[in-house]
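In case you want the letters, here they are:
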Amino acid sequence: MKYEHKFFYLCKIPLSAEGPKDVEVIDRAEETSEFPKLFEEYEELRSHAFNEDKLYSVIRADDVFELLRTGTEKQAKEMAFENAQQEIVTNLQHKVMQGGDKEAKAILKEVHDIDA
């Protein structure tokens, strides 16, 4: 069995992301003791997307943030992009339905092959 050291990664995925290459690793915690600080940063970055009941709302997000544990930065970017796909599509579809956002509609068509 091969041991792989794992780290905690905080990643930012823009709504226009086309793949893992567009994911930004914002921060990394190497030790478990560093995790609370990283989690606090994660919550702060997502705070603009909370509604009045303090619940996270993906349709309010400007970017999607993922906090995950894996071995390498490359793996973190791949996992973050994969995990964020549904939230990104939901957010963009909402922008199109609510305000006719032409940029969101174009991203859905070009990146996700969805006609909105």
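As a reminder, the structure under discussion sits directly above these lines.
Residues numbered from 1 in each chain as written. Predicted model: local features only at pLDDT ≥ 70, side-chain atom pairs only at ≥ 80, totals over all residues. Heavy atoms only, no water.

J.: Give me helix H1 (residues 35–46): which residues, what numbers.
T.: Across its twelve residues, H1 extends 16 Å between first and last C-alpha, which sits within 8% of the 16 Å expected from 1.5 Å per residue. Within H1, burial applies to Leu38, Tyr42 and Arg46. Looking straight down H1, one finds its buried side chains confined to an arc of 70°; they lie on one side. Residues of H1 that are exposed and point over 90 degrees away from its buried face: Pro36, Lys37, Glu40 and Glu44. Looking at the buried positions of H1, the neighbouring elements they touch are strand E1 (7–14), strand E2 (24–29) and strand E3 (63–70). (Helix = DSSP H or I, 4+ residues; strand = E, 2+ residues; numbered from the N terminus. Expected span 1.5 Å × (residues − 1). Buried < 20%, exposed > 50% of the residue type's maximum accessible area, 1.4 Å probe, protein only. Arc of directions from axis to C-beta. Contact = heavy atoms within 4.5 Å.)

J.: How would you explain helix H2 (residues 73–99) if you had to name every residue and give the values?
T.: Relative to the 39 Å expected for 27 residues at 1.5 Å per residue, H2 spans 36 Å between its end C-alpha atoms, a close match to the ideal helical length. Gln85 marks where H2 bends most, by close to 45°. (Bend = angle between axes of the 7 residues up to and from the residue.)

J.: Could you give me a rundown of the packing of aromatic side chains, with the residues and numbers involved?
T.: For the coordinates displayed, the defined rule picks out five aromatic pairs. Taken together, a centroid distance of 6.0 Å and an interplanar angle of 35° make the contact between Phe35 and Phe39 tilted. Placement of the pair is Phe35 and Phe39 together in helix H1, with a separation of four residues, close to one helical turn. What makes Phe39 partly exposed here is its relative accessible area of 35%. Relative to Tyr56, the ring of Phe50 has its centre 6.0 Å away and its plane inclined at 70°; by these criteria the two rings are edge-to-face. Under the relative-accessibility criterion, Phe50 is labelled buried at 17%. A residue is classified by how much of its surface remains accessible, and Tyr56, at 24% relative accessible area, is partly exposed. Aromatic rings pair up to connect Phe8, Phe35, Phe39 and Tyr42 into one cluster. Here the basic side chain of Arg28 rests over the ring of Phe7, its NZ or CZ set 3.9 Å away from the ring centre. Above the plane of the ring of Phe8 lies Arg69, whose end atom (NZ or CZ) is 5.5 Å from the centre. (Phe/Tyr/Trp six-rings, centres within 6.5 Å; stacked < 30°, edge-to-face > 60°. Lys NZ or Arg CZ within 6 Å of the ring centre and 35° of its normal.)

J.: Report on the nonpolar core, specifying residues and quantitative values.
T.: Tyr9, Cys11, Ile13, Ile88 and Leu92 are the most contacted members of the largest nonpolar core, which totals 21 residues. Looking at this core, the elements that each hand over two or more residues are E1, E3, H2 and helix H3 (102–112). With eight residues, the top contributor of residues to this core is H2. With residues near it in sequence (within four places) discarded, Tyr9 still touches Val25, Asp27, Arg28, Leu38, Glu66, Leu67, Leu68, Thr70, Gly71, Thr72, Glu73 and Ala76. Leu10, Leu38, Tyr42 and Phe65 belong to the second-largest nonpolar core, a separate cluster that totals six residues. (Core = buried A, V, L, I, M, F, W, Y, C linked by side-chain atoms within 4.5 Å.)

J.: Describe the pattern of salt bridges, listing the residues and the values that go with them.
T.: Counted according to the given criterion, the structure contains six salt bridges. With a closest N to O distance of 3.8 Å, Asp63 and Lys12 form a salt bridge. Placement of Asp63 in strand E3 and of Lys12 in strand E1 is noted, with a sequence separation of 51 residues between them. What makes Asp63 buried here is its relative accessible area of 18%. The residue Arg28 makes a salt bridge to Glu30 at a minimum N-O spacing of 2.7 Å. The class of Arg28 is partly exposed, set by a relative accessible area of 36%. (Salt bridge = Lys/Arg side-chain N within 4 Å of Asp/Glu carboxyl O.)

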